[in-house]
Amino acid sequence: MSSHTAEDPNRRDFIVIAAQAFAAVGAAVALWPFIHQMNPDASTQALATTEVDLSPVKPGQAITVVWRGKPVFIRNRTPEEVKAAKDVRIADLKDPLARNEALPDGSRATDENRTKAGKENWLVLVGICTHLGCIPKGQSMGDARGDYGGWFCPCHGSHYDTAGRIRQGPAPANLAVPPYEFLSDTQIKIG
Amino acid sequence: MASHESSFRPASRAGKWLDERLPLPRVMHGQFVDFPTPRNINYLWTTGGLLTFFLGLQIATGVVLAMHYIPSAGEAFSSVEAIRRDVNYGWLLRNIHMVGASFFFLAAYIHIGRGLYYGSYKGPREVLWIIGVVIFLLMMATAFMGYSLPWGQMSFWAVTVITNLFSSIDAVIPGLGTRIVQWLWGGFSVSGTTLTRFYALHYLLPFVIAAAVGLHIWALHVVGQNNPTGIEIKQPSDSVPMAPYAIFKDIFALSVFVLLFAWFVFYLPDYLGHSDNYIEANPLSTPPHIVPEWYFLPYYAILRAIPDKLLGVIAMFSSILLLIFVPWLDTSRVRSAKYRPVYKWFFWMFVISVIALGYLGSKPPEPPYVGWARFFTAYYFLHLLVILPIVGVIESPRPLPRSITEAVLGKEPATQVASAGGGK
């Protein structure tokens, strides 16, 4: 019996398999630059920060600023709006997670976890609907604010409450809280 | 290729010389002059020619528009306005390209509807049909990227909404969806970077479509054309040569269709678009009511009908991808709905549900529209997944004629039949 039968792997089989594996890995490696060129480059990724002066924003008013090309909603909430947000039971929320970059991932979506302690009238949110990325209405005085007094996304009908939490509609998550800190009582730095 | 006698005779010495070296004229003659065409095809069989024409028209106008368009966030909008106002005949070329996209889709929908009605997807035409679905998907991707280029409000927000569809993958693998979306964008939001890559792909994809159309026509010429009876060509009297019979039928239908097209190009160029797209893109303000172009409205209605993000996206994509499986979902042995008394009614109900979804997709996402969109979405899937398999089993089809000739000339295939192939 010769050693060159199909059932009996020999040196040629080994060379063929090794060459094919080498070619496959090489092709995959060569492909990577063509894919990776589309990812955000370092200049885009460099974490830009935005400083915002809050002094002109009176209770009940809101401003929109730009951070990393995205709109950020800053609302000076009235005591009624804060109370409405605090009175909601977590069990009633569609998304029970805080979505706050400053807190651990599993944090609950209480109003306290969506704001900074002692500054609870200030709500800072990334103003992008978590459904498909539209900008919800509710920043201007005349805007529709939805059934829960926060924001309303006109694209596909998502309603957010006064803590920016999804209450009704197709959006899967609460509006995100970006990383930010108070530099003074009237100034914050986002990013 | 379907076999038939070649009538190709090179007329000149040069023609003969080439025929012995690269018989391309012989192949073209065989496929587009001698090719046997069922003698009974109706005007719905001219839509393939229409679609080929519109693909060529879009490529021709697109290439010259690309000579004037500037794919950057700062200049895209004004360069499109300059094309319309300043470039010599720019208004005409842009209107043809813009309205051409709509008419391309109109012809494609008629073409797909014809396939569904006459069972053109059934064996041996499954591969032909699947290539068609692939072409349709490529058309949708091309049209979507093309719509982003004018960089108006609807362009920008359509790109935002549609690219964000991929973020729904976050519900399965957290973080992956966001990575994919940022990869598509080249940043953390839709920007000029996104516009430039969409422009590159918008220029590439039509040529991919052209290649796929080549395969589609190749597959068609292997299995032969279906026809209103759904019976194969069995004898010479069942067919006529493609030229002049089918070719001139195509040319006549094309002339009529282009007349309607020209009316839109010259008198109603913006009727099928949205006026908000003449406002330059603003990343900080979403238009109060985002709607896609009319040809995407049924899928948009399906997306919005489902209150869960991931399931909505899955439903929208599967509404098209399911078409791939139609050859196997339809269990009937009879092709043409002409001989299927039950399926015929369900076909028209399916058409009505697609049109209803199109209407509902243009309406805001609120009652009563959302409720109706759910109803028709459910019916859409019910048709493909339940009605199509069951009707094929329970229905008793009407008796089929024995041949195409019998369907056209009646039961006596005597002397007339013999002369029909010769073309009287």
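This text follows the structure it describes.
Criteria and cut-off values
- Residues numbered from 1 in each chain as written.
- Chains lettered and ligands numbered in written order.
- Predicted model: local features only at pLDDT ≥ 70, side-chain atom pairs only at ≥ 80, totals over all residues.
- Heavy atoms only, no water.
- Helix = DSSP H or I, 4+ residues; strand = E, 2+ residues; numbered from the N terminus.
- Buried < 20%, exposed > 50% of the residue type's maximum accessible area, 1.4 Å probe, protein only.
- Contact = heavy atoms within 4.5 Å.
- Lys, Arg positive; Asp, Glu negative; His and termini not counted.
- Charge placed at Lys NZ, Arg CZ, Asp CG, Glu CD.
- Axes fitted to C-alpha atoms, helices over the stretch in contact; angles between N-to-C directions.
- Parallel < 35°, antiparallel > 145°, perpendicular 65-115°, else oblique.
- Nonpolar A, V, L, I, M, F, W, Y, C, P; charged D, E, K, R; others polar.
- Expected span 1.5 Å × (residues − 1).
- Polar contact = N/O pair within 3.5 Å; in protein donor to acceptor, adjacent residues only side chain to side chain.
- Left-handed = near helix turned anticlockwise from the far one by under 90°.
- Patch = residues over 30% accessible without salt bridge, like charges linked within 9 Å, V, L, I, M, F, W, Y side chains within 5 Å.
- Areas by Shrake-Rupley, 256 points an atom, 1.4 Å probe, with all protein chains shown as cover.
- Salt bridge = Lys/Arg side-chain N within 4 Å of Asp/Glu carboxyl O.
- 1 Å grid on protein atoms, 1.4 Å probe; cavity = no way out; pocket = protein on both sides within 12 Å on 5 of 7 lines; lining within 4 Å.
- Points joined across faces, edges and corners; volume = space filled by probe spheres on them.
- Domains from an automatic or database assignment.
- Buried area = accessible area lost by both parts, 1.4 Å probe.
- Pairing = 2+ DSSP bridges.

Engineer: I'd like a rundown of the overall build of chain B, residues and numbers included.
Structural biologist: Helices and strands together make up the secondary structure of chain B, namely 17 helices and 2 strands. Its C-alpha atoms put chain B at 75 × 60 × 40 Å along the principal axes. Counting over 424 residues, chain B shows a buried share of 50%. Excluding contacts between residues fewer than 6 apart, the proportion of contacts in chain B whose partners are at least 24 apart in sequence is 79%. Taking the 29 positively charged and 22 negatively charged side chains of chain B as two groups, their mean positions are separated by 8 Å.

Engineer: Tell me about the packing of helix α6 (residues 126-148) of chain B against helix α7 (residues 153-164) of chain B, residues and numbers included.
Structural biologist: All names here are of chain B. At a closest axis distance of 7 Å, the pairing of α6 and α7 adopts a crossing angle of 135°. One finds that α6 runs oblique with respect to α7. Of α7, the residues touching α6 (which contributes Phe144, Tyr147 and Ser148) are Met154, Ser155, Ala158, Val159 and Ile162. Along the lines of polarity and charge, the residues of the contact of α6 with α7 split into 6 nonpolar, 2 polar and no charged.

Engineer: Provide a residue-level description of the environment of Gly15(B), including the pertinent values.
Structural biologist: Residue placement: Gly15(B) occurs in helix α1 (residues 13-19). Separated by 10 residues in sequence, Gly15(B) and Pro25(B) have C-alpha atoms that sit 8.4 Å apart.

Engineer: Tell me about helix α1 (residues 11-36) of chain A, and please be specific about residues and values.
Structural biologist: Compared with an ideal rise of 1.5 Å per residue, which puts 26 residues at 38 Å, α1(A) spans 38 Å between its outermost C-alpha atoms and is within 8% of the ideal. Residue Asn10(A) occupies the N-cap position of α1(A), its side-chain oxygen lying 3.1 Å from the main-chain nitrogen of Arg12(A).

Engineer: Summarise the packing of helix α12 (residues 309-321) of chain B against helix α15 (residues 369-394) of chain B; cite the residues concerned and give the values.
Structural biologist: To characterise two packed helices, one gives the angle between the axes of the helices and the distance between these axes. Residue and element names in this part refer to chain B. Running from amino to carboxyl end, α12 crosses α15 at an angle of 45°, the nearest separation of the two axes being 11 Å. Regarding the angle of α12 to α15, the classification is oblique. Crossing handedness for the pair α12 and α15: left-handed. For the pair formed by α12 and α15, the contact residues are Ala315, Ser318 and Ser319 on the first element and Tyr380, Phe381 and Leu384 on the second. Tallied by class, residues from the contact of α12 with α15 come to 4 nonpolar, 2 polar and no charged.

Engineer: Could you give an account of a nonpolar patch on the surface, naming the residues involved and the relevant values?
Structural biologist: On the surface, a nonpolar cluster with roughly 590 Å² of combined accessible area is contributed by Trp17(B), Leu18(B), Leu22(B), Leu24(B), Val27(B) and Met28(B). By residue number, the principal contributor to the nonpolar patch is helix α2 (residues 24-32) of chain B, which donates 3 residues.

Engineer: Could you give an account of the layout of surface pockets, with specific residues and numbers?
Structural biologist: Volume-wise, the largest pocket comes out at about 1400 Å³. Lining the largest pocket we find 48 residues, and of these Arg99(A), Thr130(A), Ala176(A), Asp170(B) and Thr178(B) sit closest to its centre. Going through the elements one at a time, β3 (70-76) of chain A together with α7, α8 (176-185) and α12 of chain B are the ones with two or more residues in the lining of the largest pocket. The residue makeup of the lining of the largest pocket, split by class, is 26 nonpolar, 14 polar and 8 charged. Looking at which domains feed residues into the lining of the largest pocket, each of domain 1 (40-160 + 205-292) and domain 2 (296-335 + 341-396) of chain B supplies at least three. The calculated volume of the second largest pocket comes to roughly 1000 Å³. Ranked by the residues each element gives to the lining of the second largest pocket, the list is headed by α6(B), at 7 residues. In terms of residue class, the lining of the second largest pocket is built from 26 nonpolar, 12 polar and 3 charged.

Engineer: Summarise the interface of chain A and chain B; cite the residues concerned and give the values.
Structural biologist: The accessible area lost on association of the parts is a frequent measure of interface size. The interface is formed by 27 residues belonging to chain A together with 27 residues belonging to chain B. For the pairing of chain A and chain B, the buried interface totals around 2300 Å² over both sides, and the portion due to carbon and sulfur atoms is 64%. When residues of chain A are sorted by the area they lose upon contact with chain B, Met38(A), Leu132(A) and His156(A) head the list and together hold 28% of the total. Scanning the region where chain A abuts chain B turns up 8 residue pairs in polar contact (both at pLDDT 80 or more). In terms of residue class, the side of chain A that touches chain B is built from 12 nonpolar, 11 polar and 4 charged.

Engineer: So what's going on with the sheet that holds strand β8 (residues 180-184) of chain A? Which residues, and what values?
Structural biologist: All names here are of chain A. Spatial strand order, β1-β9-β8: 3 strands in an open sheet with antiparallel pairing. Edge positions in the sheet fall to β1 (50-53) and β8, since each of these pairs with one other strand and no more. The average undirected angle you get between the axes of adjacent strands in this sheet is 25°. By the bridge criterion, 4 bridges tie β8 to strand β9 (residues 187-190) in an arrangement that is antiparallel. Residue Glu181 lies in a different strand from β9, and its bridge partner there is Lys189.

Engineer: Account for the pattern of salt bridges, with residues named and values stated.
Structural biologist: With the rule as written, the count across this model stands at 23 salt bridges over all chains. Arg89(A) is the partner of Asp92(A) in a salt bridge, and the nearest nitrogen-oxygen pair spans 3.2 Å. Judged by relative accessible area, which is 43%, Asp92(A) ranks as partly exposed. Arg165(A) is the salt-bridge partner of Asp161(A), the closest N and O atoms lying 3.1 Å from each other. An identical accessibility class is assigned to Asp161(A) and Arg165(A); each is buried. Overlapping salt bridges bring together Lys122(B), Asp330(B), Arg340(B) and Glu395(B) as one network.

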